[in-house]
Amino acid sequence: MTIDGVPVYFQDDWDTGIGGGLWSTGLALARYFNTQHAVDNLRRISEGSSELAIIELGSGNGVLAVCLAACAAANNIRIKKLVISDMEDHLALMQKTVDANPQAFQTVANVRVEEYVWGSDTNDEVFDLIVGSDIAYGEHIYDPLIRSLKDRSHSRTVALIGFTMMDTQPEFFDRVDAAGFCYKKVADHLLDPDFRGKTFGVF
């Protein structure tokens, strides 16, 4: 695909696991980074900071982080660090995607591909932006995910997450609310036209 004129290369590898492919919600969020609203959002989040610190949770094949970086590169938005994270068995595929896309990281000072088990934070590293897609797919991971969102946030952090309505139950949003987060759905007209009125949303 192409993000604001920057080509993005990747491969699905289902042998890696469910994260080895690009799911519909992931593609919707990836294509969101090809919209003016995404550019405006990144600029707004970066206000008051010369460079952004960003983490992707549950990256799978790494393509979503590459699309975000490509959006930043095309619009000269500086990223201080971009952490691309998932379980250990996905790291090789994520690194392969990063290595295939040097053109997307022109404004990124530091890229890290690393394992991150949600809810097991051992440091105080926080981020300006947290992104993820299809990461709340079962009740057993709601609490670890929400704990990680809290642990990795400061008072002005924004999380941009894609949800599949069939996989993520209302209980998740109740717990997000109870944890003190505010959330809202990105309006359909702000998404790529191919992804409006579907059974998933970006929040």
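This text follows the structure it describes.
Owing to the predicted nature of the structure, the values given are computational and were not obtained by experimental measurement.

Colleague: Hey, could you go over the overall build of the protein chain for me, with residue numbers and the actual values?
Modeller: When helices and strands are tallied, the protein chain shows six helices and eight strands. Reading the secondary structure of the protein chain in the N-to-C direction produces β-β-α-α-β-α-β-α-β-β-α-β-α-β. By principal-axis analysis of the C-alpha atoms, the protein chain measures approximately 40 × 40 × 40 Å. Look at the contacts in the protein chain between residues 6 or more apart in sequence, and 81% of them connect residues 24 or more apart. Of the roughly 9,500 Å² of accessible surface on the protein chain, a fraction of 50% belongs to carbon and sulfur atoms.

Colleague: Describe in detail the pairing of strand β3 (residues 52-56), supporting the description with residues and values.
Modeller: Summarising burial for β3: five of the five residues are buried, a large majority. Side chains L52, I54 and E56 of β3 all project onto a buried face; the interleaved residues A53 and I55 project onto the opposite face, where all are buried too. Bridge analysis of β3 against strand β4 (residues 79-86) gives five bridges, and the strand direction is parallel. Bridge assignment links I55 to a residue of β4, and that residue is V83. When β3 meets strand β6 (residues 127-133), the two strands line up parallel, connected through three bridges. The partner of I55 across the bridge, within β6, is I130.

Colleague: Give a description of the state of the cysteines that names residues and reports values.
Modeller: The full count for this structure, using the stated rule, is zero disulfides. Sulfur of C71: no disulfide; nearest cysteine sulfur belongs to C67 and is 9.5 Å away. Judged by its relative accessible area of 0%, C71 is buried.

Colleague: Which residues make up the sheet that holds β6, and what values do they have?
Modeller: Taking strand neighbours across the sheet as the criterion, the six strands line up as β5-β4-β3-β6-β7-β8 in an open arrangement whose pairing is mixed. For this open sheet the edge positions go to β5 (111-115) and β8 (200-202), each flanked by a neighbour on one side alone. When strand polarity is set aside, the average angle formed by the axes of neighbouring strands in this sheet is 20°. Note that β6 and strand β7 (residues 153-164) share six bridges and pair parallel. The partner of V131 across the bridge, within β7, is L160. On top of the sheet, helix α1 (residues 24-32) reaches β6, β7 and β8; it is set at about 130° to β7, its chief contact. Where helix α2 (residues 36-45) meets the sheet, its contacts fall on β3, β6 and β7, and the angle it forms with β6 comes to roughly 145°.

Colleague: Break down the packing of helix α5 (residues 142-151) against helix α6 (residues 170-178) for me, with residues and values.
Modeller: Relative to each other, α5 and α6 sit at 35°, their axes nearing to 10 Å. The two elements α5 and α6 meet at a crossing, and its hand is right-handed. From α5, Y142, D143, L145 and I146 reach across to α6, where they touch E171, F172, R175 and V176.

Colleague: Before we move on, could you go through the nonpolar core and cite the residues and values that matter?
Modeller: Within soluble globular proteins, side chains that are nonpolar generally end up buried alongside one another. Formed by 39 residues in total, the largest nonpolar core has its most connected members in Y32, F33, I79, L82, F105, L129 and L160. Element by element, the count of residues in this core is highest for helix α3 (residues 63-74), at ten residues. Sequence-distant contacts of Y32, that is, excluding residues within four places in its chain, are made with H37, A38, N41, L160, V186, L190 and L191. Core analysis: the next-biggest nonpolar cluster, separate from the first, contains 20 residues, A136, I141, I161 and V176 among them.

Procedures and definitions
Residues numbered from 1 in each chain as written. Predicted model: local features only at pLDDT ≥ 70, side-chain atom pairs only at ≥ 80, totals over all residues. Heavy atoms only, no water. Helix = DSSP H or I, 4+ residues; strand = E, 2+ residues; numbered from the N terminus. Contact = heavy atoms within 4.5 Å. Areas by Shrake-Rupley, 256 points an atom, 1.4 Å probe, with all protein chains shown as cover. Buried < 20%, exposed > 50% of the residue type's maximum accessible area, 1.4 Å probe, protein only. Pairing = 2+ DSSP bridges. Disulfide = S-S within 2.5 Å. Axes fitted to C-alpha atoms, helices over the stretch in contact; angles between N-to-C directions. Left-handed = near helix turned anticlockwise from the far one by under 90°. Core = buried A, V, L, I, M, F, W, Y, C linked by side-chain atoms within 4.5 Å.

In short, shape yes, function no, at least from these values alone.
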